[in-house]
Amino acid sequence: MSAEITRIFDFPYHQLEKYNLPYAFSTKYNGKWKTISSQEYINKANTISRGLLQLGVQANDKIAIISSTNRSEWNICDIGILQLGAQNVPIYPTISKEDYEYVLNHSGAIYVFVSDQEVLDKINLIKGNTELKGVYTFDAIEGENNWEEIITLGEDMSLQPQVEERKNNVQPEDLATLIYTSGTTGKPKGVMLSHNNIVTNVLASKKRVPLAYGKDKALSFLPVCHIFERMILYLYQYCGVHVYFAESLEKLSENAQEIKPQVMTAVPRLYEKIYDKIIAKGADLTGIKKRLFFWAVDLGLKYEPYGANGWWYEKQLSLAKKLIFSKWQAALGGELKLMVSGSAALQQRLTRIFTAAGMPIMEGYGLTETSPVVSVNCVEDGGFRVGTVGKIIENVHIKIAETGEILVKGPNVMMGYYKDPEKTAEVIKDGYFHTGDKGEVDADGFLTITGRTKEMFKTSGGKYVVPPLLEGELKQSRFIEQVMVIGEGQKMPAALIQPNFDFIREWIDRKKLSIGKTNEEIIASQEVQDRIQQEVDLCNTHFGKWEQIKVFRLTKEEWTIDAGHLTPTMKMKRAIILKIYQDLYDDIYSN
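None of these values were measured; they are calculated from a predicted model. (Residues numbered from 1 in each chain as written. Predicted model: local features only at pLDDT ≥ 70, side-chain atom pairs only at ≥ 80, totals over all residues. Heavy atoms only, no water.)

### Considerations on the pattern of salt bridges
All chains considered together, the criterion is met by 21 salt bridges. When the shortest N-O distance is used, the salt bridge between glutamate 247 and lysine 28 registers 3.6 Å. With glutamate 247 in the loop between strand 10 (242–245) and helix 10 (252–259) and lysine 28 in strand 1 (residues 25–29), this residue pair connects regions lying 219 residues apart in the sequence. Using a relative accessible area of 24% as the deciding quantity, one classes glutamate 247 as partly exposed. Between arginine 71 and glutamate 73 there is a salt bridge whose closest N-O contact spans 3.1 Å. (Salt bridge = Lys/Arg side-chain N within 4 Å of Asp/Glu carboxyl O. Helix = DSSP H or I, 4+ residues; strand = E, 2+ residues; numbered from the N terminus. Buried < 20%, exposed > 50% of the residue type's maximum accessible area, 1.4 Å probe, protein only.)

In structure tokens, the structure reads:
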């Protein structure tokens, strides 16, 4: 009988006892996969714990991890830190050095593990302004302390009884991690999550993720500093899933073909990119092959679960799977049976077409503050409905406020914001976390997200506009990469649009148009503007007159994380985008 899992570090021990996997984690180094077993995972985590004891790490000390890619070392250090009653502070690698400095100082981190030279360079610029006692690298970097030095320190087995004592002292209600929200506005907030917050979320979520325990393989590429991927990795450990860490988004398909995963998780923007690449390949086909490809696409876009479209549709879909969708599956390894989406709204077309192709995307809903899952779709037992984020998971309760805001209560709700009782009191009232998102629950218990209270605005005519709804519709266009709807307090909504420059260049070639191909020439082209106007006009047909986009402007820059347009989870930093394009805003509303 397995011991009860009440703390995060109980998961690997459960895996060892239940499955004893020869392959627990696999990471690629210099072109070759290197694998560790369940036993090696635990052994190395214990060695890290003993090494940290040698460094004088105490319970409640904060240790940061910053890694450019997911890798086995992250998980080993995570367990090694948590076993001592210390806390892991994961930091997004792509944030600025100033944000590194803020998070390290605010958390009081005394050591940091970094993955590579790029992250190290940023740390070296600011470490003198922090309380850091040491920086340890995963990659071998000349002249720098390497994490292997801590492993060497931890070879002293006489310290293991102290590790066991520390483990026994850790209670489920104890703080496990500080996760700093990527923050679309202002300074990031340190979300305090306990062992119990995350463990209960894993155990409730696993009932919605049908896996072959002890057999399935997963491909992980969403940053593990994101609570969504981190919780999923604990879930994989619990279920005995062999986790492969993708090298990068660019190598996702290549890695998938190598390992043939059954499951993977991502944010919507990544599914959009996969879809766009597939459609671009289809557009390059000719003749009957092209017609068949887009016949299958059109069929997939009409998909409804559980055979709701009738026997004739299902017969056609079976043919489409054989002729077309089997190739989509092959591009992602050929064995993918489940994809999970979270962090932002997923376009219904993606849910429909990937599910039609035999690779169902199950959309869920949650926040860092809820550890993260609140609800999620599940193919089994009628638990899947397109356009919703599924049913509420076990032991979590929600209610919809009079304003339409979703309020969440349960063991997954955070302990609070670190060193910020005022902000904590603003969002947790009577035990309910106020999400800032608006939603509805139907008669069957499915939750639908209808907007975000902070992103809604009123025009000068007093009419409400919900930008994410318009933006989601517009981003279905292959001509549009990013879009932000504006117009708070103005007489009409408008939009700032970053064109999909790569696709537009292909379109120019295909149509044999005499348009220059630099970003500046593309946005200046009347033909491009007219074509994007068609997309805006089509979008507007789905909305009331007061919320239709009357004017738009194109931006020559691509919106990126590094340039400050986007958070590390690809959400728009609305205030910053508005500031960057103040001239375009003024041009729209001064006319």
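### Let's talk about unusual backbone geometry
Excluding glycine, residues mostly carry a negative phi; peptide bonds, for their part, are mostly trans. Of note, the bond from serine 371 into proline 372 is cis; its omega dihedral lies within 30 degrees of zero at -5°. With respect to the secondary-structure elements, proline 372 resides in the loop between strand 13 (361–366) and strand 14 (373–376). The backbone of asparagine 395 sits at a positive phi, close to 70°, despite the residue not being glycine. Relative to the helices and strands, asparagine 395 resides in the loop between strand 15 (391–392) and strand 16 (397–400). Looking at asparagine 395, the relative accessible area reads 57%, which means it is exposed. Unusually for a residue other than glycine, aspartate 430 sits at a positive phi of about 55°. Along the chain, the position of aspartate 430 falls in the loop between strand 19 (428–429) and strand 20 (432–441).

### Some thoughts on the side chain of asparagine 519
Here asparagine 519 shows up in helix 18 (residues 519–524). With relative accessibility at 16%, the residue asparagine 519 sits in the buried group. A polar atom in the side chain of asparagine 519 sits 2.5 Å from the side chain of arginine 505. Once you skip the residues sitting within four places of it in the chain, asparagine 519 turns out to touch Phe501, Arg505, Lys556 and Glu558. (Polar contact = N/O pair within 3.5 Å; in protein donor to acceptor, adjacent residues only side chain to side chain. Contact = heavy atoms within 4.5 Å.)

### Describing empty space enclosed by the protein
This model, assessed by the stated rule, comprises two cavities of 30 Å³ or more. The computed volume of the largest cavity comes to approximately 60 Å³. Those elements giving two or more residues to the lining of the largest cavity turn out to be helix 11 (268–283) and strand 24 (480–486). Of the residues forming the lining of the largest cavity, the biggest block, three residues, is contributed by helix 11. Residue composition of the lining of the largest cavity, by class: one nonpolar, three polar and seven charged. Its residues placed into classes, the lining of the second largest cavity shows four nonpolar, four polar and one charged. (1 Å grid on protein atoms, 1.4 Å probe; cavity = no way out; pocket = protein on both sides within 12 Å on 5 of 7 lines; lining within 4 Å. Points joined across faces, edges and corners; volume = space filled by probe spheres on them. Nonpolar A, V, L, I, M, F, W, Y, C, P; charged D, E, K, R; others polar.)

### Focus: helix 21 (residues 582–590)
Where helix 21 is concerned, the buried positions are Leu584, Tyr585, Ile588 and Tyr589. For helix 21, the angular spread of buried residues about the axis comes to 120°, placing them on one side. Seen from the buried face of helix 21, the exposed residues on the opposite side, beyond 90 degrees, are Asp583 and Ser590. Buried-residue contacts for helix 21 involve strand 24, strand 25 (494–499), strand 26 (551–554) and helix 20 (574–580). (Arc of directions from axis to C-beta.)

### Side note on the sheet that holds strand 9 (residues 217–220)
Read across the sheet, nine strands follow the order 2-1-10-9-11-12-13-14-15 without closing on themselves; strand pairing throughout is mixed. Lying at the two open borders of the sheet, with one neighbouring strand each, are strand 2 (32–36) and strand 15. Of the pairings in the sheet, the one linking strand 14 to strand 15 comprises two bridges and is antiparallel in character. In the sheet register, valine 376 faces strand 15, and the bridge partner there is lysine 391. (Pairing = 2+ DSSP bridges.)

### Notes on the packing of aromatic side chains
If you walk through the whole model with that rule in mind, you get 19 aromatic pairs. When the ring of phenylalanine 11 is compared with that of tyrosine 238, the centres are 6.2 Å apart and the planes differ by 90°; the resulting orientation is edge-to-face. Highlighted residues: phenylalanine 11 in helix 1 (residues 10–18) and tyrosine 238 in helix 9 (residues 227–239), separated in sequence by 227 residues. Given the relative accessible area of 0%, phenylalanine 11 is considered buried. When the ring of phenylalanine 138 is compared with that of tryptophan 147, the centres are 5.5 Å apart and the planes differ by 85°; the resulting orientation is edge-to-face. Exposure class is identical for phenylalanine 138 and tryptophan 147. Each is buried. Here a set of aromatic residues connected by ring pairs shows up, and it is made of Tyr271, Phe293, Phe294, Phe325, Trp328 and Phe354. If you follow lysine 399 out to its NZ or CZ, it ends over the ring of tyrosine 432, 4.4 Å from the centre. The positively charged end of lysine 463 is found above the aromatic ring belonging to tryptophan 546, 5.4 Å away from the centroid. (Phe/Tyr/Trp six-rings, centres within 6.5 Å; stacked < 30°, edge-to-face > 60°. Lys NZ or Arg CZ within 6 Å of the ring centre and 35° of its normal.)

Just distances and angles here, no functional claims.
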